[in-house]
Amino acid sequence: MDNMNEKEIIPRINKIKKSLGDKLIILTHHYQRKEIVDLGDYKGDSFDLSQKAAADKAAQYIVFCGVHFMAESAEILSQPYQTVQIPVMDAGCWMADMADIFMVEKAWEEIASVIGPDGVVPIVYMNSDANLKAFCGRNGGVVCTSSNATAALEWGYSQKNKILFFPDQHLGRNTGNQMGIPSDEMIVWSPNERLGGHSPEDIQKARLILWDGYCLVHTRFQVDHIRQVRRKYPDATIVVHPECTEEVVALADAAGSTSFIVKYVENAPANSTIVIGTEVNLVHRLALEYPDKKIFELHYSLCPNMFKTDPESLLRTLENIGQFNMIHLPEAIKEDSRLALDRMLTLTKK
Ligand code: 13P
Ligand code: SF4
């Protein structure tokens, strides 16, 4: 979009927002472009935004600037009189696509064939299809985000002594490490192999079964990037998202959700240097918001799906409010997934 267009688009968006008033709420994820975050009413991590979608009863129209699974969760948690729209329907998530209901049901049956039924709690990361959240709802499980994964695992172990965690192996492993689960009690489930590639004994012994999924944006950060930063900026602190590998998390000073990272920067003293291992749009926005601190990316890594939403697609959505790119889900899926999301909303955030 050239400057001329942007000059026209932004006032048109603001005009529609003004005319709809409280009937409209625009939710924006921290990874959205700065122009979109500036146009939104509320920004946050995936947990904050689902909480907001569940709590806002005044809005008739919820426009979700983020990726598809986030808008789906907002739809599940919203009221029947509310509509949820996403500016770009094909803004997906590579990691979410790494597990589907057929694969998970097959894994579930295979695990049951080894340990018997009812021996494992399913915990699904928010970054997943609604079908998988519904699966967790039906099977006594919960949804978690990167901000409450520890609370979700603690809750899971209060139910049973084994957890199947999907689709992000890294968030699962980093949380397991933080809880002191020994590495030989965490196994990675390869969905294309029989018994996930394990012996029945390994499955019996495992406390945490991690799906073989990962985020391509976050696994781009490498140990070498951390070493280079430590050499170049010896006084810097490094904060990363828990979708990074355990090696990267181990060498960083802190790890947490996108909101955790925002607060980390906010609380850092003036003139400090902070190097961030997460999606680059958030890093660049923080650098602009905190000119008194030196903020750099650990490595350039952009989520192309988050980047799909631009002012033009937001305007198109607002011009077709309540009609265009609506999120619709079958009632049965909504009902079951709501169980797992409601359980999540009772968990404490880190
Ligand atoms: P948060 O839950 O930290 O907002 O992260 C969502 C996400 O997609 C990270 O890649
Ligand atoms: Fe999905 Fe990774 Fe993009 Fe987050 S950053 S939305 S996990 S692809």
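On a predicted model such as this, the values are computed, not experimentally measured, just so you know.

Rules used in this analysis
Residues numbered from 1 in each chain as written. Chains lettered and ligands numbered in written order. Predicted model: local features only at pLDDT ≥ 70, side-chain atom pairs only at ≥ 80, totals over all residues. Heavy atoms only, no water. Pairing = 2+ DSSP bridges. Helix = DSSP H or I, 4+ residues; strand = E, 2+ residues; numbered from the N terminus. Axes fitted to C-alpha atoms, helices over the stretch in contact; angles between N-to-C directions. Phe/Tyr/Trp six-rings, centres within 6.5 Å; stacked < 30°, edge-to-face > 60°. Buried < 20%, exposed > 50% of the residue type's maximum accessible area, 1.4 Å probe, protein only. Lys NZ or Arg CZ within 6 Å of the ring centre and 35° of its normal. Patch = residues over 30% accessible without salt bridge, like charges linked within 9 Å, V, L, I, M, F, W, Y side chains within 5 Å. Areas by Shrake-Rupley, 256 points an atom, 1.4 Å probe, with all protein chains shown as cover. Salt bridge = Lys/Arg side-chain N within 4 Å of Asp/Glu carboxyl O. Contact = heavy atoms within 4.5 Å. Near = heavy atom within 4 Å. 1 Å grid on protein atoms, 1.4 Å probe; cavity = no way out; pocket = protein on both sides within 12 Å on 5 of 7 lines; lining within 4 Å. Sits in = over half its atoms within 2 Å of the grid points. Points joined across faces, edges and corners; volume = space filled by probe spheres on them. Nonpolar A, V, L, I, M, F, W, Y, C, P; charged D, E, K, R; others polar. Core = buried A, V, L, I, M, F, W, Y, C linked by side-chain atoms within 4.5 Å.

Draft legend 1. Spatial organisation of the sheet that holds strand β1 (residues 24-29). Here we have four strands laid out as an open sheet, ordered β2-β1-β3-β4, and parallel in their pairing. For this open sheet the edge positions go to β2 (42-44) and β4 (83-85), each flanked by a neighbour on one side alone. Geometrically, the sheet is characterised by an average inter-axis angle of 25 degrees between neighbouring strands, direction not taken into account. Taken together, the three bridges between β1 and β2 define a ladder with parallel strand orientation. Looking at β2, one finds that Leu-27 is bridged to Tyr-42.

Draft legend 2. Geometry of the packing of aromatic side chains. Summed over all chains, the structure comprises five aromatic pairs. Measuring from ring centre to ring centre gives 4.9 Å for Tyr-233 and Phe-296, while their planes differ by 15 degrees; the resulting arrangement is stacked. Residue Tyr-233 is found in the loop between α10 (223-232) and β10 (237-240), and its partner Phe-296 is found in strand β13 (residues 294-297); the two are separated by 63 residues along the sequence. With relative accessibility at 25%, the residue Tyr-233 sits in the partly exposed group. Connected via pairs of aromatic rings, a cluster forms that spans Trp-108, Phe-135, Phe-166 and Trp-211. Between the NZ or CZ atom of Arg-207 and the centre of the ring of Tyr-157, over which it lies, the distance is 4.1 Å.

Draft legend 3. A nonpolar patch on the surface, seen in detail. Residues Trp-94, Tyr-214 and Leu-216 make up a contiguous nonpolar surface patch of roughly 250 Å² in combined accessible area. Following the sequence through the fold, Leu-216 ends up in the loop between β9 (208-211) and α10.

Draft legend 4. Spatial organisation of the sheet that holds strand β8 (residues 186-189). Here five strands make up an open sheet; going across it, the order is β6-β5-β7-β9-β8 and the pairing parallel. Edge positions in the sheet fall to β6 (142-144) and β8, since each has one partner strand and no second. In this sheet, neighbouring strand axes are inclined to one another by 25 degrees on average, regardless of whether the strands run parallel or antiparallel. Bridge count between strand β5 (residues 121-125) and β6: three bridges; the pairing is parallel. In the strand pairing of β6, Val-124 is matched with Val-143. Against the sheet, helix α5 (residues 101-115) engages β5, β7 (163-166), β8 and β9, with an angle of about 155 degrees to β9. Where helix α7 (residues 149-159) meets the sheet, its contacts fall on β5, β6, β7 and β9, and the angle it forms with β5 comes to roughly 165 degrees.

Draft legend 5. Here's a closer look at the site of ligand 2. Within the structure, ligand 2 sits among Tyr-31, Val-67, Cys-93, Trp-94, Met-95, Asn-127, Cys-215, Val-217, His-218, Glu-243 and Cys-303. Taken atom by atom, the bulk of ligand 2 overlaps the largest cavity.

Draft legend 6. Region of the structure containing the layout of surface pockets. Roughly 150 Å³ of volume is contained in the largest pocket. Lining the largest pocket are His-68, Phe-69, Glu-72, Gly-92, Cys-93, Ala-96, Asp-97, Ser-128 and Asp-129. Its residues placed into classes, the lining of the largest pocket shows three nonpolar, three polar and three charged.

Draft legend 7. Layout of the nonpolar core. Of all hydrophobic cores here, the largest spans 90 residues; its most connected members are Ile-123, Phe-165, Phe-166, Leu-208, Ile-276 and Leu-286. Excluding residues that lie within four positions of it along the chain, Ile-276 makes contacts with Val-239, Ile-261, Val-265, Val-283, Leu-286, Ile-295, Phe-296, Glu-297 and Leu-298.

Draft legend 8. The arrangement of the side chain of Ser-190 in detail. When you line up the elements, Ser-190 lands in the loop between β8 and α9 (200-205). Note on Ser-190: relative accessible area 17%, which makes it buried. Apart from residues lying up to four places away in sequence, Ser-190 is in contact with Gly-196, Gly-197 and Asp-212.

Draft legend 9. Layout of the pattern of salt bridges. In total, this model carries 13 salt bridges according to the counting rule given. Close ionic contact of Asp-38 with Lys-34 constitutes a salt bridge, the shortest N to O distance being 2.7 Å. Residue Asp-38 and its partner Lys-34 are both found in helix α2 (residues 34-39); the two are separated by four residues, about one turn of the helix. Close ionic contact of Asp-342 with Arg-338 constitutes a salt bridge, the shortest N to O distance being 3.3 Å. Here Arg-338 and Asp-342 lie together in helix α16 (residues 331-345), a separation of four residues that amounts to about one turn. Overlapping salt bridges bring together Glu-105, Arg-138 and Asp-336 as one network.

Don't take any of this as a statement about function, it's just geometry.
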